[in-house]
Amino acid sequence: MKGVLLVNLGSPDSPSPKDVKKYLKEFLMDERVIDVNVVLRNILVKGVILNTRPKKSAEAYQKIWWKEGSPLIVISERFHQKLEKKTKVPVALGMRYGSMSIEKGYRELEKKGVTEVLLIPLYPHYAMSSYETVVEKSLEVQKSLFPTMKTDVLPPFYNNKEYITTMSNAIRKDLENFEYDHVLFSYHGIPERHIKKSDTTKSHCKLDGSCCDKPSEAHATCYRHQCFETTKAIAKELNLPDDKFSDSFQSRLGRDPWLKPYTDFEFERLPQEENKKNLAVITPAFVSDCLETLEEIAMEGEEQFQEGGGENYKHIPCLNDNDEWVHTVAKWIENWTDNSQ
């Protein structure tokens, strides 16, 4: 019997410093998130970050927490419930970090008699710290605890035509009543070294703008290239002029160089240097709104933009439980069930 396991990032159980600290420990101790040797990672995470960051992060979570719980969890559950009604196979939901674990998702499918699973990481793009860690953790759990199961993995869908159309339709609706003069595509940031590590050729990625447009097998695991391709595809679908959109990367941590340009710098630069006063911001690296979109972009981003001289600001929500998005994923599942018989 076939079934589907959706996996998203995860969330603390509550916005209390205690629960946030527990969540951050699991998240930041992941070797694909902070990719240094385990001794240094322990010192950095347990000796430094967990002694300073939980309180600040808890305050941020408190700003965006819903009555029903964590927005990411609530939205993912709504999407899951809608999707299950659209498919003929069982669908379970798990999270890479936190109490709603991947193991629980597999366990739920096992109880329903599922022996063949389609794993859907809810990330459009390949990155060590998102898509890759979900896939590796899921396969590890399945092989060790559910050895009789088989797992197929949905590849990154950053350039899938149905996904691009679904995204574009949702964005178009949000832009209809907003007189923007610029659209900023803000992607989750990752350290530049992750791009180099993910380069299967070990020679293609230059991080200087010369490699992303050159055909290469490295693009299959290159987050930077995939982000740029998503932007180009959506901009084309929306007929955005070249001077009315750009890319940036948010949420950097530490002193190492991360992908540029940085979103918070762009919030100041666009109104000051390019006279862009009416800004719409899209976050295509996420399919569900979360701390990074609701607090960092929707709240802090607006403040930074207006402090920099901007006037009108619009945060465009993620796909969340958008009906067309549900239909799109249901179609992918149907194709999988039909083609894997």
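Residues numbered from 1 in each chain as written. Predicted model: local features only at pLDDT ≥ 70, side-chain atom pairs only at ≥ 80, totals over all residues. Heavy atoms only, no water.

Caption draft 1: How the structure looks around the side chain of Lys-276. Structurally, Lys-276 is set in the loop between helix H9 (263-273) and strand S7 (278-282). Only 2.8 Å separates the side chain of Lys-276 from the backbone oxygen of Asp-243, close enough to count as a polar contact. (Helix = DSSP H or I, 4+ residues; strand = E, 2+ residues; numbered from the N terminus. Polar contact = N/O pair within 3.5 Å; in protein donor to acceptor, adjacent residues only side chain to side chain.)

Caption draft 2: Highlighting helix H6 (residues 161-175). Here H6 spans 21 Å end to end across 15 residues, near enough to the 21 Å set by a 1.5 Å rise per residue. Residues Tyr-163, Ile-164, Thr-166, Met-167, Ser-168, Ala-170, Ile-171 and Leu-175 constitute the buried set of H6. Where H6 is buried, its residues contact strand S5 (182-188), helix H8 (223-238), S7 and helix H11 (323-339). Regarding H6, its N-cap is Asn-160, as a side-chain oxygen of that residue lies 2.8 Å from the backbone nitrogen of Glu-162 further along. (Expected span 1.5 Å × (residues − 1). Buried < 20%, exposed > 50% of the residue type's maximum accessible area, 1.4 Å probe, protein only. Contact = heavy atoms within 4.5 Å.)

Caption draft 3: Inspection of unusual backbone geometry at higher detail. For the bond from Lys-260 to Pro-261, the omega torsion is 0°, close enough to zero to count as cis. Counting through the fold element by element, Pro-261 comes out in the loop between strand S6 (245-250) and H9. Phi is positive for Lys-202, which is not a glycine, with a value near 60°. Take Lys-202: it is sitting in the loop between helix H7 (192-198) and H8. Residue Lys-202 is classed as exposed on the basis of its relative accessible area, which comes to 59%. Although it is not a glycine, Asn-275 adopts a positive phi angle of roughly 60°. The topology assignment puts Asn-275 in the loop between H9 and S7.

Caption draft 4: Looking closely at the pairing of strand S8 (residues 312-315). Residue alternation in S8 divides its side chains into a buried set, Tyr-313 and His-315, and an unburied set, Asn-312 and Lys-314. Summarising the sheet, S7 and S8 pair through 4 bridges and their orientation is parallel. Bridged to Leu-279 within S8 is Tyr-313. (Pairing = 2+ DSSP bridges.)

Caption draft 5: Main features of the packing of helix H2 (residues 38-64) against helix H10 (residues 291-307). Packing of H2 against H10 brings their axes to within 9 Å, and their N-to-C directions diverge by 85°. Accordingly, the angle class assigned to the pair H2 and H10 is roughly perpendicular. Contacts between H2 and H10 involve Ala-60, Tyr-61, Lys-63 and Ile-64 from the former and Leu-291, Leu-294, Glu-295 and Met-299 from the latter. Classifying every residue of the contact of H2 with H10 by side-chain character gives 6 nonpolar, no polar and 2 charged. (Axes fitted to C-alpha atoms, helices over the stretch in contact; angles between N-to-C directions. Parallel < 35°, antiparallel > 145°, perpendicular 65-115°, else oblique. Nonpolar A, V, L, I, M, F, W, Y, C, P; charged D, E, K, R; others polar.)

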